[in-house]
Amino acid sequence: MEAGEFPPGSRLPSRRELTEHYGVTEPVIDRAMQNLRAKGITETLPGVGVYVRER
């Protein structure tokens, strides 16, 4: 995200799309998403999706 692939305010792709794009397993994506959320980089809107937070 700091590389600018997903700018602030953008919605992240689904877990399935991320696993296919990056060629990793779902647990890897889950861990990465937990880390991003813990660092305050993303926010989850229930029923809507995961978004990159504005700085």
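Whatever comes next refers back to the structure up there.
Just so we're clear, the structure is a prediction, and the values are computed from it rather than from any experiment. (Residues numbered from 1 in each chain as written. Predicted model: local features only at pLDDT ≥ 70, side-chain atom pairs only at ≥ 80, totals over all residues. Heavy atoms only, no water.)

Draft legend 1. Spotlight on the nonpolar core. Counting 9 residues, the largest nonpolar core consists of Phe6, Leu12, Leu18, Ile29, Met33, Leu36, Ile41, Val50 and Val52. Sorting the residues of this core by element identifies α2 (26-38) and β2 (49-52) as the ones contributing at least two each. Counting residues per element, this core draws most heavily on α2, which supplies 3 residues. (Core = buried A, V, L, I, M, F, W, Y, C linked by side-chain atoms within 4.5 Å. Buried < 20%, exposed > 50% of the residue type's maximum accessible area, 1.4 Å probe, protein only. Helix = DSSP H or I, 4+ residues; strand = E, 2+ residues; numbered from the N terminus.)

Draft legend 2. Just the pairing of strand β1 (residues 42-45), in detail. Sheet topology places β1 next to β2; 4 bridges connect them, and they run antiparallel. The residue of β2 that forms the bridge with Thr42 is Val52. Following β1, the chain reverses through 3 residues before pairing antiparallel with β2; Gly47 in that reversal takes a positive phi of roughly 75°. (Pairing = 2+ DSSP bridges.)

Draft legend 3. Summary view of the environment of Met33. Inspection of the secondary structure puts Met33 in helix α2. Residues Met33 and Arg55, 22 residues apart in the sequence, show an inter-C-alpha distance of 18 Å. Beyond its immediate chain neighbours, meaning those up to four positions away, Met33 contacts Leu12, Leu18, Thr42 and Val50. (Contact = heavy atoms within 4.5 Å.)

Draft legend 4. Main features of α2. Taking 1.5 Å as the rise per residue, α2 with 13 residues should run 18 Å; its terminal C-alpha atoms sit 18 Å apart, in good agreement. The complete set of buried residues in α2 reads Ile29, Met33 and Leu36. For α2, the buried positions fall inside an angular range of 60° around the axis, keeping them on one side. Residues Arg31 and Ala38 are exposed on α2 and point more than 90 degrees away from its buried face. On its buried face, α2 sits against α1 (15-22), β1 and β2. A positive backbone phi angle near 75° is found at Gly40, which sits one or two residues after α2. (Expected span 1.5 Å × (residues − 1). Arc of directions from axis to C-beta.)

Draft legend 5. Examining the packing of α1 against α2 more closely. At a minimum axis distance of 9 Å, the contact between α1 and α2 shows a crossing angle of 110°. What the angle tells us is that α1 and α2 run roughly perpendicular. At the point where α1 passes α2, the crossing takes the right-handed sense. Seen from α1, the contacting residues are Arg15, Leu18 and Thr19; seen from α2, they are Glu26, Ile29, Asp30 and Met33. Of the residues assigned to the contact of α1 with α2, the class counts are 3 nonpolar, 1 polar and 3 charged. (Axes fitted to C-alpha atoms, helices over the stretch in contact; angles between N-to-C directions. Parallel < 35°, antiparallel > 145°, perpendicular 65-115°, else oblique. Left-handed = near helix turned anticlockwise from the far one by under 90°. Nonpolar A, V, L, I, M, F, W, Y, C, P; charged D, E, K, R; others polar.)

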